[in-house]
Amino acid sequence: MNSYSWIANSLETIHRADWYRSTRTIQGIPGATVLLEGREVINFASNDYLGLAGDQRLIQAAVQATQAFGTGSTGSRLLSGHRELHRELERAIASLKQTEDALVFSSGYLANLGTITALVGKRDLILSDQYNHSSLKNGAILSGANVLEYTHNHIANLSHQLQQYRHQYRRCLILTDSVFSMDGDVCPLPELLALATQYNCMLLVDEAHATGVLGENGAGCVEQFGCTGSELVQIGTLSKAIASLGGYVAGSTNLIEYLRNRAPTWIYTTGLSPADTAAALTAIQIIQQEPQRRQRLWENIAYLRKVMQEKLPTLELLPSASPILCWQLPSPREALRVGNHLQFQGIFAPAIRPPTVPTSRIRVSLMATHETVHLDRLVSVLTEI
Ligand SMILES: *Cc1c(COP(=O)(O)O)cnc(C)c1O
């Protein structure tokens, strides 16, 4: 026994519960099909909803920015790390979101940690959807505010807690994913906004899986619900439909100026690399100029739903209004078994298990670049199972 032996015991427990995770290697350029551990599979595991991660225009933008500005930004944005390219990207995000300004972080995770800790502290209250992403949950803990969870997407439960507790605190921040990442359903944004106004709360909405996917112009759930222009804290990532790396906050000039002065995960970390920044900027231009990509994605979603309903009428999908489609399995072991069987049949659709989600499931995410044959193949393999 030494002071580290508990780690081996913990790993043993993780294995026994079928919760053990390890990486799987993807080779080559990502797309609707990928090489997974040397074998070509149809890719239903990617967040690259618009199929831009392998797009030559993004690749060229990253290469050119590297040649022009080097590989690293060499410092934090407030010291030596700031480039005109960062500001261009922030202006492009603000223009997509129709907000006064935006601020780019090194990841979506860091955008949430930094924003939440800057907005609330010990004297404040956070109300957080129980199914929120890890970055919202950990941001809430790190802020030192009093954190209460409300039942998933349950307006009456949130309202009840606000009525009961809001008056005991200085500020209040409501946290929600817009598209819930492991379920695919969408938050009731207009009702959340109404409650935020009624109880004098700030509302932070994480559009990680919605940006580029939802809304007429791909601005996300805020646009889809007609809430553009409402005072809100909008968070997102550059790593999903935007196909690069990084995160952002979009909102009022005051909010962004305040975060530049108060968000520790922005102030004390290195600025985004020129390659990531340029690729993200190009992706946002494509999102605005090529709505047909988003249309294709939604056609694929409608097609898969229709064929699944015809061929697999007993398979019950979780409620979803996004490219994320899931169905539950009785245990982590069963989810792994189905996931492995799919992979063996050339379908990459991973099992998602606790503690990421309360109940094990298979999660399929669709891309604009999936072809009908890919979707048909998924359904035919599922039918055999
Ligand atoms: C993926 C995700 C993040 C994290 O974004 P990264 O840029 O990958 O760090 C944050 N919030 C939600 C809801 C996500 O799905």
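Summary of the structure given here. Since the model is a prediction, treat every value here as computed from it, not as a measurement.

### Here we look at unusual backbone geometry
- At the junction of Pro354 and Pro355, the peptide bond is cis and its omega measures out at 5° in the coordinates.
- Along the polypeptide, Pro355 turns up in the loop between strand S13 (351-352) and strand S14 (361-365).
- The phi torsion at Thr74 lies on the positive side, around 70°, for a residue other than glycine.
- Along the chain, Thr74 falls in the loop between helix H2 (56-69) and helix H3 (84-97).
- With phi around 65°, Ala243 is a residue other than glycine that occupies positive phi space.
- Here Ala243 lies in the loop between strand S9 (233-237) and strand S10 (247-251).

### Regarding the sheet that holds strand S12 (residues 347-348)
- With respect to topology, 4 strands assemble into an open sheet ordered S1-S2-S3-S12, the strand pairing being mixed. Looking at strand neighbours, the two that pair on one side only are strand S1 (26-27) and S12, the edges of this open sheet.
- Pairing between strand S3 (residues 39-43) and S12: 2 bridges, direction parallel. What sits directly across from Ile42, in S12, is Ile347.
- The strands touched by helix H13 (residues 332-344) are strand S2 (33-36), S3 and S12; relative to S3, the strand with the most contacts, the crossing angle is about 120°.

### Examining helix H11 (residues 274-289)
- Compared with an ideal rise of 1.5 Å per residue, which puts 16 residues at 22 Å, H11 spans 23 Å between its outermost C-alpha atoms and is within 8% of the ideal.
- Of all 16 residues in H11, 12 are buried, a share of seventy percent or more.
- For H11, every residue scored as buried is listed here: Pro274, Ala275, Thr277, Ala278, Ala279, Ala280, Leu281, Thr282, Ala283, Ile284, Ile286 and Ile287.
- Check the buried side of H11 and you find it contacts H2, H3 and helix H12 (291-311).

### A few points about the site of the ligand
- The local shell around the ligand holds 15 residues, among which Gly108, Asp206, His209, Thr237 and Lys240 are the closest.
- Residue His133 places a side-chain N or O atom 3.4 Å away from a nitrogen atom belonging to the ligand.
- A distance of 2.8 Å separates an oxygen atom of the ligand from a polar side-chain atom of His209.
- Per element, the largest residue contribution to the shell around the ligand is 3 residues, and it comes from helix H4 (residues 108-119).
- Here the residues of the shell around the ligand sort into 2 nonpolar, 10 polar and 3 charged.

### Thoughts on the sheet that holds strand S7 (residues 172-177)
- Read across the open sheet, the 7 strands follow the order S4-S10-S9-S8-S7-S5-S6; overall the sheet is mixed. The open sheet has two free edges, formed respectively by strand S4 (101-105) and strand S6 (146-150), since each of these has just one partner strand. Strand after strand, the sheet turns through a mean of 20° between neighbouring axes, direction not considered.
- By the bridge criterion, 5 bridges tie S4 to S10 in an arrangement that is antiparallel. Bridging from a neighbouring strand, Ala102 pairs with Ala250 of S10.
- Sheet strands touched by helix H9 (residues 253-262): S4, S9 and S10. Its angle to S10, the strand with the most contacts, is close to 140°.

Calculation rules
- Residues numbered from 1 in each chain as written.
- Predicted model: local features only at pLDDT ≥ 70, side-chain atom pairs only at ≥ 80, totals over all residues.
- Heavy atoms only, no water.
- Helix = DSSP H or I, 4+ residues; strand = E, 2+ residues; numbered from the N terminus.
- Pairing = 2+ DSSP bridges.
- Contact = heavy atoms within 4.5 Å.
- Axes fitted to C-alpha atoms, helices over the stretch in contact; angles between N-to-C directions.
- Expected span 1.5 Å × (residues − 1).
- Buried < 20%, exposed > 50% of the residue type's maximum accessible area, 1.4 Å probe, protein only.
- Near = heavy atom within 4 Å.
- Polar contact = N/O pair within 3.5 Å; in protein donor to acceptor, adjacent residues only side chain to side chain.
- Nonpolar A, V, L, I, M, F, W, Y, C, P; charged D, E, K, R; others polar.

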